[in-house]
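Here's the letter readout for the chains.
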Amino acid sequence: MCEVAMGEQDGEISDVEQCSSVAENGVMLVVNHSRARPPLSVVLATVLYCAEFITAAVLCSMYHHTEDVIWMSFTIVFMLVPAVLIQLALTFIHRDLGRDRPLVLFLHLLLLGPVIRCFEALVIYFKAGKKEEPYVTISRKIKLKKGTGTEMEWEIGQTERILAMHRNAFKRTAVIQAFLGSTPQLTLQLYATIQEKYILPTRMVLMVITLISITYGALVCSVLAIQIRFDDYKLQLRPCAYLCMIVWRGLEIATRVTALVLFSTALTHWTILVGMVNLLFFFFLPWVEFWARKGSLTENVENNFSKLDTVVVLCMFTLLYACINIFCWSAVQLDLTHQELIEKRQQWGRLAMYYCGRFIENFLLITLWYFFKSDFYEYVCAPLLVVQLLVCYSLAVLFMLLFYQFFHPFRRLFKYNVHDCLHCVCCHKKRRGEQGSRGKPAHSYSTSATMVVGAEEPVELLDTQGSQPPDLTSQLGERETAIVDDMMEAA
């Protein structure tokens, strides 16, 4: 056993004292003697939950005094529904119904479940390290560094395991809060502001909090999708990746909500149709794919669940999936036949179809608003606003492409990346044009010096280091055809 400063080598862990050794099978065993990581995600999710709930309650009181019954009713609904679902989710994840914890259950009934859970996590964190505890499990992950992978094992103690359970639970609740509460709340309050033609400070504060909550929830979706899709690898996201994702998600959600609200101010009743079509399409899409595959329902949702219980849980899961996709890209595709309910394959074709379809829909909504807008917008430069919204959504797509091309932590493991797909489509069109004009096949784009060949599978990434590459022209020629086939198959 030798002491190494792993934190100084990767910059991932700071002030950490670790012991590492290489086992006979080549796996590096890492024993972490540092303090557990602070549960910052738990604190942030709790602060957003409390801030939105309290601000919405204050706003409801103001609506009551001004006798705005409609705004008050919808605000209460969008405040209570996600709060109740969060209590149920935390109780389900921690399995408290079968344990003797009356105080915790009582606080959940008072909608204070996230507060007591956050307090528990902080108490566990501050007590960690005061006495040595034996590890309870070993986590084996592959750590990527400069394109090479090293298989490592981490000894995880009881404290870190409990904190990890709290983090995972609050990641789920952050998504529920964001897309079942914050998104309809933000849409409602922005619509109320335009209809009443004045800005209420409390309402503005609530809109800012909900926008932060939605952006954070979308960020959690992206990170969870990466963790599920690359479960065998240790996730390391750089600050530039987080910044890119925040800009991407923030612009995407803000543009989408603004387009829906503007359309609703001009054609109010048609907004219900647009929302229901989006909701029903994304809700039934996983079930249609499930029936098309003729699969059977996964039996690993919960051991003591009946078929009916499993269907109910899966319906709630698909409802959350549909609500996410109404406002932004969910970053995952559901597979109800899979054990983890998530399709692990990166489907570039479906990603492209979603953003192209959403761009066209936003353009149509904004265009209809432009032609049917009320007199309230006579002092607003409507053409400039339309252009700004379309540019903002285009910037969101641009930052999304930048993330997948340059900042994705496992971009070297992609079978195809963004550069491949864009280069393939452009060269495919160019080659068809040359074939039509010259009557002979065009050369493959694979001779381009800027082309980066990513590893098709993780094992190949490790096994082919230092080996002589085969004929790249023939390989990339076949690869171009495969990209087109995969995109057509996903479409």
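This is a predicted model, so every value here is computed, not measured. (Residues numbered from 1 in each chain as written. Predicted model: local features only at pLDDT ≥ 70, side-chain atom pairs only at ≥ 80, totals over all residues. Heavy atoms only, no water.)

Quick notes on the overall build of the protein chain
Inference 1: Tallying secondary structure elements over the protein chain gives 15 helices and 7 strands in all.
Inference 2: Looking at the 491 residues of the protein chain, the share that counts as buried comes to 44%.
Inference 3: Here the contacts in the protein chain between residues at least 6 apart in sequence split such that 72% fall between residues at least 24 apart.
Inference 4: In the form shown here, the protein chain has an accessible surface area of approximately 26,500 Å², with 64% of it arising from carbon and sulfur atoms. (Helix = DSSP H or I, 4+ residues; strand = E, 2+ residues; numbered from the N terminus. Buried < 20%, exposed > 50% of the residue type's maximum accessible area, 1.4 Å probe, protein only. Contact = heavy atoms within 4.5 Å. Areas by Shrake-Rupley, 256 points an atom, 1.4 Å probe, with all protein chains shown as cover.)

With respect to the side chain of glutamine 333
Inference 1: Examined against the element boundaries, glutamine 333 turns out to sit in strand E6 (residues 333-334).
Inference 2: With residues up to four places along the chain from it excluded, the contact list for glutamine 333 reads Arg229, Tyr321, Leu341, Ile342, Glu343, Arg345, Gln347 and Arg350.

Observations concerning empty space enclosed by the protein
Inference 1: Throughout the structure, instances matching the rule amount to 4 cavities of 30 Å³ or more.
Inference 2: If you add up the space inside the largest cavity, you get close to 90 Å³.
Inference 3: Forming the boundary of the largest cavity are Ala45, Thr46, Leu48, Tyr49, Ile86, Pro114, Phe170, Thr173, Ala174, Gln177, Ser213 and Tyr216.
Inference 4: Within the residue set of the lining of the largest cavity, elements represented by two or more residues are helix H2 (40-65), helix H6 (158-196) and helix H7 (201-229).
Inference 5: Per-class residue counts for the lining of the largest cavity are 8 nonpolar, 4 polar and no charged. (1 Å grid on protein atoms, 1.4 Å probe; cavity = no way out; pocket = protein on both sides within 12 Å on 5 of 7 lines; lining within 4 Å. Points joined across faces, edges and corners; volume = space filled by probe spheres on them. Nonpolar A, V, L, I, M, F, W, Y, C, P; charged D, E, K, R; others polar.)

Structural notes on a nonpolar patch on the surface
Inference 1: Taken together, the side chains of Leu103, Phe106, Leu109, Leu110, Leu112 and Val115 define a hydrophobic patch exposed on the protein surface, amounting to about 590 Å² of accessible area.
Inference 2: Broken down by element, the nonpolar patch gets its largest block of residues, 3 residues, from helix H4 (residues 102-109).
Inference 3: In this structure, leucine 109 sits in helix H4. (Patch = residues over 30% accessible without salt bridge, like charges linked within 9 Å, V, L, I, M, F, W, Y side chains within 5 Å. Salt bridge = Lys/Arg side-chain N within 4 Å of Asp/Glu carboxyl O.)

Focus: the pattern of salt bridges
Side chains that differ in sign of charge can pair as their charged atoms come close.
Inference 1: Counted under the stated rule, the structure contains 10 salt bridges.
Inference 2: When the shortest N-O distance is used, the salt bridge between arginine 167 and glutamate 160 registers 3.3 Å.
Inference 3: We classify arginine 167 as buried; its relative accessible area is 7%.
Inference 4: Since its relative accessible area comes to 21%, glutamate 160 is described here as partly exposed.

A few points about the state of the cysteines
Inference 1: According to the stated counting rule, one finds 0 disulfides in the structure shown.
Inference 2: Cysteine 118 provides the cysteine sulfur closest to cysteine 50, a residue in no disulfide bond, and the two sulfurs are 8.2 Å apart. (Disulfide = S-S within 2.5 Å.)

Notes on the UniProt feature "transmembrane region" (unreviewed entry) in the protein chain
Inference 1: Here the UniProt feature "transmembrane region" (unreviewed entry) sits at residues 42-64, 70-93, 105-126, 204-228, 269-290, 311-332, 352-372 and 384-407.
Inference 2: For residues 204-228, the end-to-end C-alpha separation is 36 Å, with 100% helix and 0% strand making up the annotated structure.
Inference 3: End-to-end, the C-alpha atoms of residues 352-372 are 30 Å apart, and along that stretch the chain is 100% helix and 0% strand. (UniProt positions renumbered as here; feature names shortened; annotations may be inferred.)

Observations concerning unusual backbone geometry
Inference 1: Phi at glutamate 67 takes a positive value of approximately 60 degrees, unusual for a residue other than glycine.
Inference 2: Note that glutamate 67 resides in the loop between H2 and helix H3 (69-94).
Inference 3: Using a relative accessible area of 66% as the deciding quantity, one classes glutamate 67 as exposed.
Inference 4: For leucine 111, which is not a glycine, the phi torsion comes out positive at approximately 65 degrees.
Inference 5: With respect to the helices, strands and loops of the structure, leucine 111 is situated in the loop between H4 and helix H5 (113-127).
Inference 6: Leucine 111 sits in the buried class, given a relative accessible area of 16%.

What to know about the packing of H3 against H6
Inference 1: Where H3 contacts H6, the axes come no closer than 9 Å and their chain directions differ by 175 degrees. What the angle tells us is that H3 and H6 run roughly antiparallel.
Inference 2: When the residues that make up the contact of H3 with H6 are grouped by side-chain class, the tally is 18 nonpolar, 9 polar and 2 charged. (Axes fitted to C-alpha atoms, helices over the stretch in contact; angles between N-to-C directions. Parallel < 35°, antiparallel > 145°, perpendicular 65-115°, else oblique.)

Quick look at the nonpolar core
Inference 1: By size, the foremost hydrophobic cluster in this structure holds 59 residues, and its most contacted members are Val175, Phe179, Leu320, Ile324, Ile366 and Trp369.
Inference 2: Elements with a contribution of two residues or more to this core: H2, H3, H6, H7, helix H8 (239-266), helix H10 (307-327), helix H11 (348-372) and helix H12 (382-407).
Inference 3: The leading source of residues in this core is H6, at 12 residues.
Inference 4: Two domains each put at least three residues into this core: domain 1 (18-236) and domain 2 (238-432).
Inference 5: Setting aside residues up to four positions removed in sequence, leucine 320 forms contacts with Val175, Ile176, Phe179 and Leu180.
Inference 6: Formed by 38 residues, the second largest nonpolar core is a distinct cluster that contains Ala241, Val332, Leu336 and Leu413. (Core = buried A, V, L, I, M, F, W, Y, C linked by side-chain atoms within 4.5 Å. Domains from an automatic or database assignment.)

Considerations on the environment of phenylalanine 92
Inference 1: Mapped onto the secondary structure, phenylalanine 92 falls in helix H3.
Inference 2: Accessibility expressed as a relative area gives 39% for phenylalanine 92, which makes it partly exposed.
Inference 3: Between the C-alpha atoms of phenylalanine 92 and alanine 169, which are 77 residues apart in sequence, the distance is 9.6 Å.

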